[in-house]
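# A closer look at the structure
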Amino acid sequence: MDVLSFVLALVPILWLVVVLLVFRWPAWRAAAGSLVLSCVLAALWWHLGALEVATAVAEGFLMALWPIVIVIIAAVFTYNLCVRTGAMDVIGRMITSVSADRRILALLIAWCFGGFMEGMAGFGTAVAIPAGMLAALGYPPLSAVLMCLLANGVPTPYGSIGIPTVSLADLVGLDAADLAFTQMVQLAPFFIVAPVLIVLVAGKDVPGSGVAQRLRGVIGVALAAGVSFTVPALAVAALVGPELTVVVGSICSLGVTAALGRAVERRGALDEAYRLGTGESAEAGPSAGAPESAPTGSRAASPADAPAAPLTLGAALRAWSCFILIFLLLLGTSKLVAPVNAALAPLSTTLTVYSGPNPGSLSFSWVNTPGVLIMVAALVGGAIQGATPRVMGEVLVATVKQMLPTVATMLAVLGCAKVMGYAGMISSISAFCIAVAGGLYPLLAPWIGAVGTFVTGSGTSSGMLFGQVQAQAAEALGADPVWTVGLNSLGVAAGKMLSPQTLAIGLAAVRVRGKDAELLRAVAPYALGFLVVMSIIGMAGSALPLW
């Protein structure tokens, strides 16, 4: 057991921890420092040649640019364009018109709509936008953010059209659909429990309400919200892959939750004390906003607000047109439609970049890749919503500027991951972890993924940093690599709730400052409880013959 090599291999990661959490450096700058350190260590300690270091970095950069960066820009561009055209206002009014019960509205906005935003855009939108909407409706700001943190963590491995899972699968050489389905099996209990926790938080601000009172009348709705999300997501992950997993799940959950919410409200089964505006609450934020570095949203209409215009079927279809087209294009080019998928498959390029031994290969699909398809859907949908080419160009330029720090972070993190992998630094980390944990390694695996997300604020970055560690641990232990690598994404779901970046985005969305520590204390018991259960799931699953 080479302790010194283990410690040196951790230096780029420890650098990230220190400069992000202690010195509060921006993520792109911290990641650039990690890249430099990994290159220096690879050359001096692991004796990787200069050409090998350069080509490893180049391979990481290319993997980041296509398909990750193109998906990030396309997804956030779609959202920003819908904000510019007013489509997001219409979508918000549709959701908030379903019920006036604070618990059901929390499910619709934080869980269903938040899950949809995570699946479509990610990168802060799924916390900033729903939290701002909830605060605008009158929820206490910290409660609004807490509910969105609980809702956002679980679907993170499938955010931004599945980029965390697709990137992780590509990095370690696994089939994306197999990994997506395995992760959903691991995450299923948390998909079902999260809506119940959201209901408990939504009702706690009503004076004199205990756990039983908060759940009365809506426990069935909450469980249905979780099950109706989980079952379709499992099916899509198995049959299609990670790209549409939480998109389809959130849409199904939205429909079921809205229908059941209306039904219980019409039956008079809901306590009037939980009607929004009747309970005692703290001062809410004035509008749904977000920090300048995060995607911004618009104010949500409260149940008492008079709508600006009737919600007609035509208006609804126009508002959802971008997302409908994304769904149709991604589904229509997937393996479920074999002729189309096969016809587009040759429109790709495969090349080898790394100049050292045992190089990996990069495959670039020029048409049948989510980023291109999302961009096409956004442009067509934007035209349907009335956006002119000039407006779309302005939004695209603004989106690129907005996402430049994220792009720089992705480039640096992927470059660092490739250098660490080819140099043997990942092997040093995994060998030490295996020597210490042995057969109990599956207990540790989710915590590793959680640490990666806690530090970087990104499920994708966590996978890039630790995916190879998990894969090499599985190989050394003779464990199933899909199950073991999936445990990294399982931990991501808990780490995302605790990430200082995620907390900052949520607090900025509800216009609250200086409450980071208070919010962290509020969410920590949930995240740590999740991690304990995740460790049990990891160990139990690794012992089953199926895995």
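Residues numbered from 1 in each chain as written. Predicted model: local features only at pLDDT ≥ 70, side-chain atom pairs only at ≥ 80, totals over all residues. Heavy atoms only, no water.

## Quick notes on the overall build of the protein chain
Looking only at helices and strands, one finds 22 helices and two strands in the protein chain. Overall, the C-alpha framework of the protein chain stretches about 70 × 50 × 45 Å when taken along its three principal axes. In the protein chain, buried positions account for 59% of the 547 residues. Taking all contacts inside the protein chain whose residues are at least 6 apart in sequence as the whole, residues at least 24 apart take part in 80%. For the protein chain, the accessible area works out to roughly 20,100 Å², and carbon and sulfur atoms hold 68% of it. Distance between charge centroids for the protein chain: 10 Å, based on 24 positive and 23 negative side chains. (Helix = DSSP H or I, 4+ residues; strand = E, 2+ residues; numbered from the N terminus. Buried < 20%, exposed > 50% of the residue type's maximum accessible area, 1.4 Å probe, protein only. Contact = heavy atoms within 4.5 Å. Areas by Shrake-Rupley, 256 points an atom, 1.4 Å probe, with all protein chains shown as cover. Lys, Arg positive; Asp, Glu negative; His and termini not counted. Charge placed at Lys NZ, Arg CZ, Asp CG, Glu CD.)

## Quick word on empty space enclosed by the protein
Rolled over the atoms, a probe sized like a water molecule indicates the empty space that remains. With the rule as written, the count across this model stands at two cavities of 30 Å³ or more. If you go around the second largest cavity, the residues you meet are C112, F113, F116, S250, I251, L254 and W320. Counting only elements with at least two residues in the lining of the second largest cavity, the list comes to helix 5 (102–120) and helix 12 (245–266). Split by residue class, the lining of the second largest cavity holds six nonpolar, one polar and no charged. (1 Å grid on protein atoms, 1.4 Å probe; cavity = no way out; pocket = protein on both sides within 12 Å on 5 of 7 lines; lining within 4 Å. Points joined across faces, edges and corners; volume = space filled by probe spheres on them. Nonpolar A, V, L, I, M, F, W, Y, C, P; charged D, E, K, R; others polar.)

## Focus on the environment of C252
Relative to the helices and strands, C252 resides in helix 12. Taking the relative accessible area as the measure of exposure, C252 reaches 30% and is therefore partly exposed. Considering only alpha carbons, one finds C252 and L51, 201 residues apart in sequence, at a separation of 50 Å. The contact partners of C252, leaving out residues within four places of it in the chain, are S228 and P232.

## Here we look at the nonpolar core
One finds W111, Y139, M147 and I429 to be the most contacted residues of the largest nonpolar core, which totals 182 residues. For this core, the element with the highest residue contribution is helix 3 (residues 50–85), accounting for 16 residues. When neighbours within four sequence positions are excluded, M147 is seen to be in contact with A106, A110, L134, Y139, I198, V201 and A202. (Core = buried A, V, L, I, M, F, W, Y, C linked by side-chain atoms within 4.5 Å.)

## Describing the pattern of salt bridges
Evaluated as defined, the whole model comprises five salt bridges. Residue R103 is joined to D101 by a salt bridge in which the shortest nitrogen-to-oxygen separation is 3.0 Å. Each member of the pair R103 and D101 is classed as buried. For E394, the salt bridge is made with R390, and the minimal N-O distance between the two is 3.4 Å. A residue pair is termed a helical-turn pair when its members lie 3 or 4 positions apart in one helix, as E394 and R390 do in helix 16 (residues 389–423) at four residues. What you see here is one network of salt bridges that share partners, running through R84, R390 and E394. (Salt bridge = Lys/Arg side-chain N within 4 Å of Asp/Glu carboxyl O.)

## A few points about the packing of helix 7 (residues 141–153) against helix 22 (residues 516–543)
Between helix 7 and helix 22, whose axes approach to 10 Å, the crossing angle comes to 35 degrees. Considering the relative orientation of helix 7 and helix 22, their crossing is right-handed. Here helix 7 contributes L142, V145, L146, L149 and L150 to the contact with helix 22, which in turn contributes E518, L519, A522, V523 and Y526. The class makeup of the residues in the contact of helix 7 with helix 22 is nine nonpolar, no polar and one charged. (Axes fitted to C-alpha atoms, helices over the stretch in contact; angles between N-to-C directions. Left-handed = near helix turned anticlockwise from the far one by under 90°.)

## Some words on the packing of aromatic side chains
Considering all chains together, one arrives at twelve aromatic pairs under this definition. Each ring, one from F191 and one from F229, has its centre 5.1 Å from the other, and the planes form 45 degrees; the classification is tilted. You can see F191 sitting in helix 9 (residues 176–203) and its partner F229 sitting in helix 11 (residues 219–239), a full 38 residues away along the chain. The class of F191 is buried, set by a relative accessible area of 0%. Aromatic ring contacts, followed pair by pair, group W66, F364 and W366 into a single cluster. (Phe/Tyr/Trp six-rings, centres within 6.5 Å; stacked < 30°, edge-to-face > 60°.)

## Here we look at the layout of surface pockets
Its volume calculated, the second largest pocket comes out at about 940 Å³. Every residue lining the second largest pocket is counted, 34 residues in all, and those nearest its centre are V166, A176, E243, S365 and N368. If one sorts the elements of the lining of the second largest pocket by residue count, strand 2 (residues 361–365) sits on top with five residues. Residue composition of the lining of the second largest pocket, grouped by class: 20 nonpolar, ten polar and four charged.

## Notes on unusual backbone geometry
Peptide bonds are, in most cases, trans, and in most cases residues other than glycine have a negative phi. A positive phi angle is found at I161, which is not glycine, with a value near 60 degrees. For I161, the location among the structural elements is in helix 8 (residues 159–172). Even without being glycine, N358 reaches a positive phi, approximately 50 degrees. Positionally, N358 belongs in the loop between strand 1 (348–352) and strand 2.

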